[in-house]
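Now for the letters of each chain:
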Amino acid sequence: MTNARHGKQLLQYGLVLLIAITLNFALPRLMPGNPLALIAGVDVGLLTPEERAEIRDRVGLDQPLHQQYLTYLGDVLTGDFGYSYRQKQPITEMIMARLPWTLLLTLSALAVSALVGIILGAIAAWRRASRLDMVLLNGMIVLDSLPSFWLGMLFIAIFAVQLGWFPSQGAVTPASGYQGIAYAVDVMRHAALPVLTLSLLSIPRVFLTMRYSMCSVLGAEFIRTARAKGISDWRILVRHMIPNAMLPVVTVLALRFGFAFGGTVVIETVFSYPGLGRLIFEAVSGRDYPVMQAAFLLFTAAVLLSNLLADWLYPRLDPRARAA
Amino acid sequence: MVSPTQAQTQARTIARPAQRRQPRATSRRLRVTATQLTAAVGVTLVTLLILIAVFAPFIAPYDPAERVGRPFSPPSAEHALGTNDIGHDILSELIFGARISLAVGLTAGLITVVIGTTVGLLAGYFPRLGSILMRFTDVVLVLPFLPLLIILAAYLGRSLMNTVLIIGLLIWASTARLIRSQVMVISSQDFVLAARSLGATHRHIIIRHVLPQVMLLSIGEFVQVVGQAILLEASLSFLGLGDPLQKSWGTVLYWAQVRGAFLSPAWAWWVLPPGLLIGLATLGFALIGFTLEQRFNPRLRQR
């Protein structure tokens with residue numbers, strides 16, 4: 001039963017990946033203009049005749065469309081994203097250089113938003129309908145409406161420029177020669193503001209999920225039983241309520257990973273942070289189409305992975321979901 | 001699988017039950033006023049912004065596309081929010097920008113709700129077609145939203161029409177899901193069977209009986225989606241993918257970013273106001289949507 005469901009789910013994700021790849025294949029060929037230029041990402045005039053012949057040959061522009069499609073599919077699935085004719089380097093290399101930075105931001109932000117969202121959510125639910133709860137709830141709804149890139153700009157203006165607490169851009173101090181701990185501190189100082197901004201993007205959702213989940217646990221029979229047994233409030237909160245209320249939060253967190261990954265596009269742009277999101281922005285402004293496409297596929301893969309993680313995690317955490 | 005709109009709906013759903021689980025009479029009265037307050041704040045914000053957009057030429061002190069002062073001037077008696085890098089009056093830019101941002105939000109919201117409601121109606125009413133449509137809907141839900149938006153905008157070119165279309169075509173999926181589940185409940189009721197046995201066509205039943213019942217839900221969705229669309233338009237324009245000739249609030253922020261306004265004192269008048277406007281617009285629509293949903297979403301009512 002569950003295996004059939006998992007199979008179906010996997011099939012669905014495979015379909016999404018296929019659609020993303022197909023979009024990548026179709027867009028440059030559907031647009032008006034020379035497909036060669038759209039595939040290469042530079043004006044045809046800027047390419048040497050050898051390069052032109054090489055692209056034509058590799059992509060198979062003189063072959064029938066279905067043949068081209070299969071070639072493209074094969075390349076992508078074997079991890080060959082092609083060559084950036086603008087940057088003069090293989091795209092896979094460019095991506096590998098950027099990926100760690102984006103992972104650093106995304107994972108740290110996820111940890112921060114989990115911690116803050118869960119704690120505040122639990123407090124709000126525990127004291128629900130109090131003034132504190134109302135302030136938190138409304139604050140989160142307002143926070144959810146603010147553009148994240150704008151918050152990033154404000155943080156730079158206040159914490160980096162006015163107060164000078166953090167550097168305003170980049171991932172490391174260029175040519176600093178830092179080693180060991182000094183280097184780690186430098187990386188952390190650079191990541192602080194982007195991580196804060198990215199966390200604020202996810203905290204409201206985690207908070208609202210946790211608060212709702214806690215509220216439904218509050219009315220549960222086993223809590224009343226625990227109370228009747230005379231267990232202290234604190235122990236009920238920590239041992240009985242939070243573990244039970246955490247279940248939906250874990251799913252939300254796994255899904256937020258994919259979302260935060262996409263959110264890095266604007267945030268890395270604001271902080272000039274050398275990650276994948278910034279790469280997509282640079283590729284878009286430089287019309288470097290192959291790089292843009294490769295980054296897009298990576299983002300798709302990240303979202304799918306986080307969905308898979310959520311599917312895999314849930315039945316392991318909740319025995320009821322396994323029985324169903 | 002959480003797209004912004006879906007997540008927001010989820011957030012509303014989540015925010016609701018706790019507030020109503022209030023046994024004491026005083027807090028119940030408090031809750032009613034709180035809901036009314038929420039609605040009032042939302043309506044006030046949205047009305048105000050729409051009025052600014054409509055009467056922009058009368059309110060704005062200058063033509064937003066004309067060089068009316070020295071570039072990079074700080075706020076003064078002539079220019080309440082200073083001027084930008086090419087001497088345009090920032091306040092006038094923001095007042096006229098309301099037109100673009102709201103127009104994109106409203107049109108994209110309309111497209112979203114029309115697609116979402118149509119897909120939801122068909123999928124909910126015809127189960128077999130529904131499972132195929134929902135498969136497709138799930139694909140749209142899972143695709144990484146912002147990167148896809150950017151890719152499409154980059155290929156299709158920067159114009160207002162493209163921005164509207166891309167946003168509208170990408171965010172309908174959660175609306176479709178919501179409408180579908182509602183239609184499934186409605187069309188399993190006896191009166192549909194009765195109408196069928198009296199010889200009513202599917203088309204007649206959908207348009208005359210089912211659609212009117214999900215209409216209010218669609219309107220609630222519309223209002224919420226508008227807020228999301230405004231936020232998305234801002235992100236796109238901020239990345240330099242908006243219409244270069246039609247300056248929205250996001251475009252103002254784009255230029256502020258490109259010219260490094262946030263590295264100088266200029267952030268206080270060049271960066272702060274446009275972001276606040278985007279936030280207020282999004283919040284205003286979200287609050288109205290929240291109130292409407294509480295009223296019209298049967299799922300929330302019965303809980």
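Residues numbered from 1 in each chain as written. Chains lettered and ligands numbered in written order. Predicted model: local features only at pLDDT ≥ 70, side-chain atom pairs only at ≥ 80, totals over all residues. Heavy atoms only, no water.

Chemist: When you look at the side chain of histidine 190 of chain A in this model, what are you seeing that I'm missing?
Modeler: Residues and elements named next belong to chain A. Tracing the chain through its elements places histidine 190 in helix α8 (residues 180-218). Under the relative-accessibility criterion, histidine 190 is labelled buried at 6%. Polar side-chain contacts of histidine 190 include one of 2.9 Å to the backbone oxygen of aspartate 186. Filtering out sequence-adjacent residues up to four positions away, histidine 190 remains in contact with Pro167, Gln169, Gly170, Ala171, Val172, Thr173 and Tyr273. (Helix = DSSP H or I, 4+ residues; strand = E, 2+ residues; numbered from the N terminus. Buried < 20%, exposed > 50% of the residue type's maximum accessible area, 1.4 Å probe, protein only. Polar contact = N/O pair within 3.5 Å; in protein donor to acceptor, adjacent residues only side chain to side chain. Contact = heavy atoms within 4.5 Å.)

Chemist: Even after reading the chapter, I still don't get the pattern of salt bridges, so can you show me in this structure?
Modeler: Any two side chains of opposite charge can pair if their charged atoms end up close together. Residues and elements named next belong to chain A. For the coordinates displayed, the defined rule picks out six salt bridges over all chains. The partner of arginine 205 in a salt bridge is aspartate 144, and the shortest N-O contact between them spans 2.4 Å. Linking arginine 205 in helix α8 with aspartate 144 in helix α6 (residues 131-145), this pair joins segments that are 61 residues apart in sequence. The pair arginine 205 / aspartate 144 is uniform in exposure class, with both members buried. (Salt bridge = Lys/Arg side-chain N within 4 Å of Asp/Glu carboxyl O.)

Chemist: Looking at this structure, how should I read the packing of aromatic side chains?
Modeler: By convention here, two paired aromatic rings are described through the distance between centres and the angle between planes. On inspection of all chains with the given rule, the structure shows nine aromatic pairs over all chains. Here phenylalanine 155 of chain A and phenylalanine 159 of chain A contribute two aromatic rings whose centre-to-centre distance is 5.8 Å and whose plane-to-plane angle is 45°, an arrangement assigned as tilted. Here phenylalanine 155 of chain A pairs with phenylalanine 159 of chain A, and both are found in helix α7 (residues 148-162), just four residues apart, close to one helical turn. Pairing tyrosine 125 of chain B with phenylalanine 126 of chain B gives two aromatic rings, centres 4.9 Å apart and planes at 85°, and the pair type is edge-to-face. Given a relative accessible area of 26%, phenylalanine 126 of chain B falls into the partly exposed group. An aromatic cluster of three or more residues is present, and its members are Phe155, Phe159 and Trp165 of chain A. (Phe/Tyr/Trp six-rings, centres within 6.5 Å; stacked < 30°, edge-to-face > 60°.)

Chemist: I would appreciate a short explanation of the packing of α6 of chain A against helix α12 (residues 267-296) of chain B in the present structure.
Modeler: When two helices pack together, you describe them by how their axes are tilted relative to each other and by the distance separating the axes. In contact at an axis separation of 8 Å, α6 of chain A and α12 of chain B are set at 125° when each is read in the N-to-C sense. With respect to their mutual orientation, α6 of chain A and α12 of chain B come out oblique. Judged by the twist between their axes, the crossing of α6 of chain A over α12 of chain B is right-handed. Contacts between α6 of chain A and α12 of chain B involve Ile141, Val142 and Ser145 of chain A from the former and Gly279, Thr282, Leu283 and Leu287 of chain B from the latter. Across the contact of α6 of chain A with α12 of chain B, the residue classes tally to four nonpolar, three polar and no charged. (Axes fitted to C-alpha atoms, helices over the stretch in contact; angles between N-to-C directions. Parallel < 35°, antiparallel > 145°, perpendicular 65-115°, else oblique. Left-handed = near helix turned anticlockwise from the far one by under 90°. Nonpolar A, V, L, I, M, F, W, Y, C, P; charged D, E, K, R; others polar.)

Chemist: Explanation requested: the interface of chain A and chain B in the structure shown.
Modeler: Bring the parts together and some accessible area is lost; that lost area is often taken as the interface size. Counting from both sides, the interface comprises 61 residues of chain A and, opposite them, 52 residues of chain B. Interface area, chain A with chain B, both sides summed: about 5,200 Å², of which 76% is carbon and sulfur. Of all residues in chain A, the largest losses of buried area upon contact with chain B belong to Trp150, Met153 and Tyr212 of chain A, amounting jointly to 12% of the total for that side. If you look at where chain A meets chain B, you find zero salt bridges. Summed over the shared surface of chain A and chain B, the result is five residue pairs in polar contact (both at pLDDT 80 or more). For the side of chain A that touches chain B, the secondary structure elements donating two or more residues are α1 (2-30), α6, α7, α8, α10 (233-270), α11 (276-285) and α12 (289-317) of chain A. At 10 residues, α1 of chain A tops the list of elements feeding residues into the side of chain A that touches chain B. Here the side of chain A that touches chain B is built from residues that sort into 43 nonpolar, 11 polar and seven charged. (Buried area = accessible area lost by both parts, 1.4 Å probe.)

Chemist: What's the story with the domain arrangement of chain A in this structure? I'm lost.
Modeler: Considered domain by domain, chain A is made up of domain 1 (3-80) and domain 2 (102-286). Taking the mean C-alpha position of each, domain 1 of chain A and domain 2 of chain A sit 36 Å from one another. (Domains from an automatic or database assignment.)

Chemist: Is there a simple way to think about the side chain of arginine 278 of chain A in this case?
Modeler: With respect to the helices and strands, the residue arginine 278 of chain A is situated in helix α11. Beyond its immediate stretch of four places on either side in the chain, arginine 278 of chain A contacts Arg98, Glu268, Thr269, Ser272 and Tyr273 of chain A.

Chemist: What should I look at first to understand the confidence of the model for chain B in this one?
Modeler: The predicted structure's coordinates, where accompanied by low pLDDT, should not be read in detail. Residue and element names in this part refer to chain B. Considering every residue of chain B, the mean pLDDT works out to 80; 87% of them sit at 70 or more. Across chain B, element-level confidence peaks in helix α4 (residues 90-125) with a mean pLDDT of 90 and bottoms out in helix α1 (residues 4-20) with 43. Counting contacts from residues 1-25, a segment whose pLDDT is below 50, to residues more than four positions away or on other chains yields 72 contacts. Here the complex is predicted with pTM 0.83, and the ipTM for its interfaces comes to 0.81. (pLDDT = per-residue confidence, 0-100.)

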